[in-house]
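Chains, contacts and geometry: an overview
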Amino acid sequence: MYGLFTLMDRGAVVLIKEHVYLADLDRCRKVNEIPFEAYLSKEEREQLDHITILRSRNRAMLRRSLTRIIISSFLSCSPDTLRFCRNSYGKPYVLEPVTDLTFNLSHSENYLVLIADKNREVGIDIETAHSLQKRKYKDLEAIYSGKELASYERLLPGEKYEMFCRTWVMKEAITKALSFGLTADLGEISLPVEEVSSDAIQSFECYGKVLKIQWIKREDYQIAIAYGEENI
């Protein structure tokens with residue numbers, strides 16, 4: 001599998017649920033026997049040449065190479081034969097080989113998370129605890145719907161921060177699943193406001209579609225996964 005099994009055996013890539021892979025870029029970098037950069041396209045290598053900070057370049061290279069390694073494992077092809085494109089909202093998809101496989105990815109600091117599925121749209125987001133702490137969540141109340149904001153204002157400060165973190169990753173994943181990208185008005189998306197447990201899967205209606213959303217909270221990161229189910 002062009003290195004995927006080796007990465008998983010070393011603990012550098014883990015399967016957190018079916019078809020969802022989490023990669024620790026710093027651990028991947030130590031797996032010297034995998035020719036990560038050789039899997040990239042000429043265009044990708046040229047783009048890396050514009051990144052002058054070595055650590056940033058290495059992480060960007062690994063993100064692109066790991067995307068190829070993981071996607072190629074689903075399509076039974078070599079990572080360097082894949083061709084990607086983006087839709088009008090910037091969401092990537094596989095151009096060659098022709099496939100009904102959909103995927104989405106997200107990265108934060110030293111983590112990359114990728115989900116793949118067939119015949120339905122998916123979206124995923126990850127934020128490390130450190131990256132979430134840097135966000136000015138008190139100034140970002142525009143991400144809440146009216147119902148969410150009413151619930152938010154009844155919370156204690158620590159509870160408000162947790163709700164912000166959860167809402168942020170969940171809405172990011174939803175906009176990716178719906179292919180809205182940066183054009184989305186997050187306040188128009190209203191999540192269930194009842195108590196949310198980590199790893200639980202919820203269904204709700206959004207923009208005329210039924211979506212499933214899962215929030216995964218761990219000590220050093222939070223992940224949200226959104227699946228498009230059906231039109232209403």
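We now turn to the structure provided with this report. Computed from a predicted model, the values in this text were never measured in an experiment.

**Topic: the overall build of the protein chain**
Tallying secondary structure elements over the protein chain gives seven helices and 10 strands in all. Computed over the C-alpha atoms, the radius of gyration of the protein chain is 18 Å, within 12% of the 17 Å expected from 2.2 N^0.38 for a compact globule of 232 residues. Dimensions of the protein chain, computed from C-alpha atoms along their principal axes, come out at roughly 55 × 35 × 35 Å. Expressed as a percentage of the 232 residues in the protein chain, the buried residues total 48%. For the protein chain, the computed accessible surface area is about 12100 Å², with 49% contributed by carbon and sulfur atoms. Taken together, the 32 basic and 35 acidic charged side chains of the protein chain have centroids lying 4 Å from each other.

**Considering the pattern of salt bridges**
Applying the stated criterion to the full structure yields 11 salt bridges. Ionic pairing is found between Glu96 and Arg83, a salt bridge with its closest N-O pair at 3.1 Å. Of this pair, Glu96 sits in strand β4 (residues 92-96) while Arg83 sits in strand β3 (residues 83-86), and the two are 13 residues apart along the sequence. Overall, Arg83 belongs to the partly exposed group, its relative accessible area being 43%.

**Focus: the packing of aromatic side chains**
Tallied over the full model, the rule gives six aromatic pairs. Measuring from ring centre to ring centre gives 6.3 Å for Tyr21 and Phe74, while their planes differ by 85°; the resulting arrangement is edge-to-face. One end of the pair, Tyr21, is in strand β2 (residues 20-24); the other, Phe74, is in helix α4 (residues 54-75), and 53 residues separate them in sequence. Classification of Tyr21 by relative accessible area gives buried; the value is 11%. Owing to a relative accessible area of 25%, Phe74 belongs among the partly exposed residues under this scheme. The cationic tip of Lys160 hangs over the ring face of Tyr152; the distance from NZ or CZ to the ring centre is 5.2 Å. Its guanidinium or amino end placed over the ring of Trp215, Arg166 lies 5.5 Å from that ring's centre, counting from NZ or CZ.

**A short note on helix α7 (residues 157-177)**
Here α7 is 21 residues long and its end C-alpha atoms lie 30 Å apart, about the 30 Å a rise of 1.5 Å per residue gives. Immediately beyond the C-terminal end of α7, within one or two residues, lies Ser179, with a positive phi of roughly 60°.

**Things to note about the nonpolar core**
By size, the foremost hydrophobic cluster in this structure holds 30 residues, and its most contacted members are Leu7, Val13, Cys28, Phe36, Leu66 and Ile71. One finds Tyr152, Val169, Ile189 and Ala224 within the second-largest nonpolar core, a separate group that totals 27 residues.

**What to know about unusual backbone geometry**
Note the cis peptide between Glu96 and Pro97, where omega equals -5°. Positionally, Pro97 belongs in the loop between β4 and β5 (101-108). Backbone geometry places Glu109, a non-glycine residue, at a positive phi of 55°. By secondary structure assignment, the location of Glu109 is in the loop between β5 and β6 (111-118).

**Looking at the sheet that holds β2**
The strand order β1-β2-β6-β5 describes an open sheet built from four strands, whose pairing is antiparallel. Whereas interior strands pair on both sides, the edge strands pair on one side only; in this sheet they are β1 (13-17) and β5. Strand-to-strand, the axes of this sheet are offset by a mean angle of 20°, without reference to chain direction. Two strands pair when backbone bridges link them, and β5 and β6 are joined in this way by eight bridges, in the antiparallel orientation. Residue pairing for β6: Leu105 is matched across the bridge by Leu114.

**Quick notes on the environment of Leu22**
Locating Leu22 in the fold gives a position in strand β2. The buried category is assigned to Leu22, whose relative accessible area is 5%. Taking the C-alpha atoms as reference points, Leu22 and Ser106, separated by 84 residues in sequence, lie 9.8 Å from one another.

**Examining the pairing of strand β8 (residues 201-206)**
Side chains Gln202, Phe204 and Cys206 of β8 all project onto a buried face; the interleaved residues Ile201, Ser203 and Glu205 project onto a face where none is buried. Across six bridges, β8 lies against strand β9 (residues 209-217) in antiparallel orientation. From the neighbouring strand, Phe204 faces β9, where its bridge partner is Leu211. Counted along the chain from β8 to the antiparallel partner β9, the turn is two residues long, and its residue Tyr207 has a positive phi close to 50°.

What counts and how
Residues numbered from 1 in each chain as written. Predicted model: local features only at pLDDT ≥ 70, side-chain atom pairs only at ≥ 80, totals over all residues. Heavy atoms only, no water. Helix = DSSP H or I, 4+ residues; strand = E, 2+ residues; numbered from the N terminus. Rg over C-alpha atoms; globule rule 2.2 N^0.38 Å. Buried < 20%, exposed > 50% of the residue type's maximum accessible area, 1.4 Å probe, protein only. Areas by Shrake-Rupley, 256 points an atom, 1.4 Å probe, with all protein chains shown as cover. Lys, Arg positive; Asp, Glu negative; His and termini not counted. Charge placed at Lys NZ, Arg CZ, Asp CG, Glu CD. Salt bridge = Lys/Arg side-chain N within 4 Å of Asp/Glu carboxyl O. Phe/Tyr/Trp six-rings, centres within 6.5 Å; stacked < 30°, edge-to-face > 60°. Lys NZ or Arg CZ within 6 Å of the ring centre and 35° of its normal. Expected span 1.5 Å × (residues − 1). Core = buried A, V, L, I, M, F, W, Y, C linked by side-chain atoms within 4.5 Å. Pairing = 2+ DSSP bridges. Axes fitted to C-alpha atoms, helices over the stretch in contact; angles between N-to-C directions.

These figures capture arrangement, not role.
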